[in-house]
Amino acid sequence: EAGVAQSPRYKIIEKRQSVAFWCNPISGHATLYWYQQILGQGPKLLIQFQNNGVVDDSQLPKDRFSAERLKGVDSTLKIQPAKLEDSAVYLCASSLGGAGNQPQHFGDGTRLSIL
Amino acid sequence: AQSVAQPEDQVNVAEGNPLTVKCTYSVSGNPYLFWYVQYPNRGLQFLLKYITGDNLVKGSYGFEAEFNKSQTSFHLKKPSALVSDSALYFCAVRDARPSNTGKLIFGQGTTLQVKP
């Protein structure tokens, strides 16, 4: 089966600019996650969708970050305006279910560098 | 609150020797436990999970992990290390209670270096 697709793989922007990331989960996976992975740390959940509804966005900096999954499939994560501390890898993952015992499957991520 | 500790930033082992990567956790309810591996410039790959049942779980690429409830540990093991096992390993925990959203909490990661 095709894995989780993410684009772009790399992005370099200046602070205060905006940026968007795209994710296409594994077909049939109802749950989609966006993580932020800062160098030297484990991934931190930003937002979790179940179909097109938000399940958990408690750690999403809502003053600058937004995410949507309009048709319950693809998702976009946006940062506007970007800050230097947003430099990280943004990982998208999907799973069959949300609160169960299903493992999450990860894309290769988007590496964001803020100048 | 959930948390995961991986006490070693790096583990070094010679090829052919057994390896152990340590993980301890804290959750309010029963845990669901996972191990993932990350190669450079790649996403995380699922290795194995503990949900319930046998404390020793087997996963991909010859890896296994032992769940120890009294010590709240879930150490990753492999009887004979390969150079190709060199990567970054993450332990993760999720609270199994139905009220939990399924949020995974990851450890800081342990770099495994296997030398020929």
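Structure's up top.
All of these numbers come straight from a predicted model, not from anything done at the bench.

Would you explain the overall build of chain B in this entry?
Across its full length, chain B holds 0 helices and 12 strands. Listing every helix and strand of chain B by position from the N terminus yields β-β-β-β-β-β-β-β-β-β-β-β. For 116 residues, the compact-globule estimate of 2.2 N^0.38 gives 13 Å, and the C-alpha radius of gyration of chain B, at 14 Å, lies within 12% of that figure. Taken over the C-alpha atoms alone, chain B extends approximately 45 × 30 × 20 Å along its principal axes. A burial count over chain B gives 47% of its 116 residues as buried.

Please explain the interface of chain B and chain A as it appears in this structure.
Reports often express the size of an interface as the amount of accessible area lost when the parts come together. Across the boundary between the two partners, chain B contributes 21 residues, which contact 27 residues of chain A. For the pair chain B and chain A, the summed buried area comes to about 1900 Å², and 46% of that belongs to carbon and sulfur atoms. The interface formed by chain B and chain A holds 1 salt bridge in total. Aspartate 108 of chain A is the salt-bridge partner of arginine 42 of chain B, the closest N and O atoms lying 3.0 Å from each other. Contributions of two or more residues to the side of chain B that touches chain A are made by strand E5 (31-38), strand E6 (44-50) and strand E10 (87-95) of chain B. At 4 residues, the largest contribution of residues to the side of chain B that touches chain A is made by E5 of chain B.

When you look at the nonpolar core in this model, what are you seeing that I'm missing?
The nonpolar side chains of a soluble globular protein tend to be buried with one another. Counting residues in hydrophobic clusters, the biggest one holds 27 residues, and the most contacted among them are Trp35, Leu47, Leu48, Phe74, Leu76 and Tyr89 of chain B. Secondary-structure elements contributing two or more residues to this core are strand E2 (10-14), strand E3 (19-21), E5, E6, strand E8 (64-68), strand E9 (73-78), E10 and strand E12 (110-115) of chain B. Ranked by size, the runner-up nonpolar core spans 21 residues in total, among them Phe21, Cys23, Ile47 and Leu60 of chain A.

Hey, could you run me through the layout of surface pockets in this one?
In this structure, the largest pocket spans a volume of roughly 380 Å³. Every residue lining the largest pocket is counted, 22 residues in all, and those nearest its centre are Gln37, Leu39, Val89 and Arg111 of chain A together with Gln38 of chain B. Of all the elements in the fold, those that place two or more residues in the lining of the largest pocket are strand E9 (88-95) and strand E11 (110-114) of chain A. A per-element tally of the lining of the largest pocket places E11 of chain A first, with 4 residues. Residues that form the lining of the largest pocket fall into these classes: 9 nonpolar, 9 polar and 4 charged. Each pocket or cavity is described by its volume, and for the second largest pocket that value is around 230 Å³. Taken together, 17 residues make up the lining of the second largest pocket; nearest its centre are Gly3, Val4, Phe106 and Gly107 of chain A together with Leu44 of chain B.

Can you walk me through the environment of phenylalanine 46 of chain B in this structure?
Structurally, phenylalanine 46 of chain B can be placed in strand E6. Using a relative accessible area of 26% as the deciding quantity, one classes phenylalanine 46 of chain B as partly exposed. In the structure, phenylalanine 46 of chain B is positioned 31 residues away from lysine 77 of chain B in sequence and 15 Å away in space, judged by C-alpha atoms. The residues contacting phenylalanine 46 of chain B, other than those within four sequence positions of it, are Pro103 and Gln104 of chain A together with Phe34, Trp35, Tyr36 and Ser60 of chain B.

What exactly am I supposed to notice about the pattern of salt bridges here?
Think of it this way: side chains of opposite charge can pair up when their charged atoms draw near. Using the criterion set out here, one finds 6 salt bridges over all chains in the structure. Of the charged contacts, one joins aspartate 57 of chain A and lysine 62 of chain A as a salt bridge, the two residues approaching to 3.8 Å between their closest N and O atoms. Take aspartate 57 of chain A: its relative accessible area is 27%, and that puts it in the partly exposed class. Among the ionic pairs, lysine 77 of chain B bridges to glutamate 66 of chain B, the shortest N-O distance being 3.7 Å. Note that lysine 77 of chain B is positioned in strand E9 and glutamate 66 of chain B in strand E8, a separation of 11 residues in sequence. A residue is classified by how much of its surface remains accessible, and glutamate 66 of chain B, at 39% relative accessible area, is partly exposed.

Here is what the cut-offs are and how they apply
Residues numbered from 1 in each chain as written. Chains lettered and ligands numbered in written order. Predicted model: local features only at pLDDT ≥ 70, side-chain atom pairs only at ≥ 80, totals over all residues. Heavy atoms only, no water. Helix = DSSP H or I, 4+ residues; strand = E, 2+ residues; numbered from the N terminus. Rg over C-alpha atoms; globule rule 2.2 N^0.38 Å. Buried < 20%, exposed > 50% of the residue type's maximum accessible area, 1.4 Å probe, protein only. Contact = heavy atoms within 4.5 Å. Buried area = accessible area lost by both parts, 1.4 Å probe. Salt bridge = Lys/Arg side-chain N within 4 Å of Asp/Glu carboxyl O. Core = buried A, V, L, I, M, F, W, Y, C linked by side-chain atoms within 4.5 Å. 1 Å grid on protein atoms, 1.4 Å probe; cavity = no way out; pocket = protein on both sides within 12 Å on 5 of 7 lines; lining within 4 Å. Points joined across faces, edges and corners; volume = space filled by probe spheres on them. Nonpolar A, V, L, I, M, F, W, Y, C, P; charged D, E, K, R; others polar.

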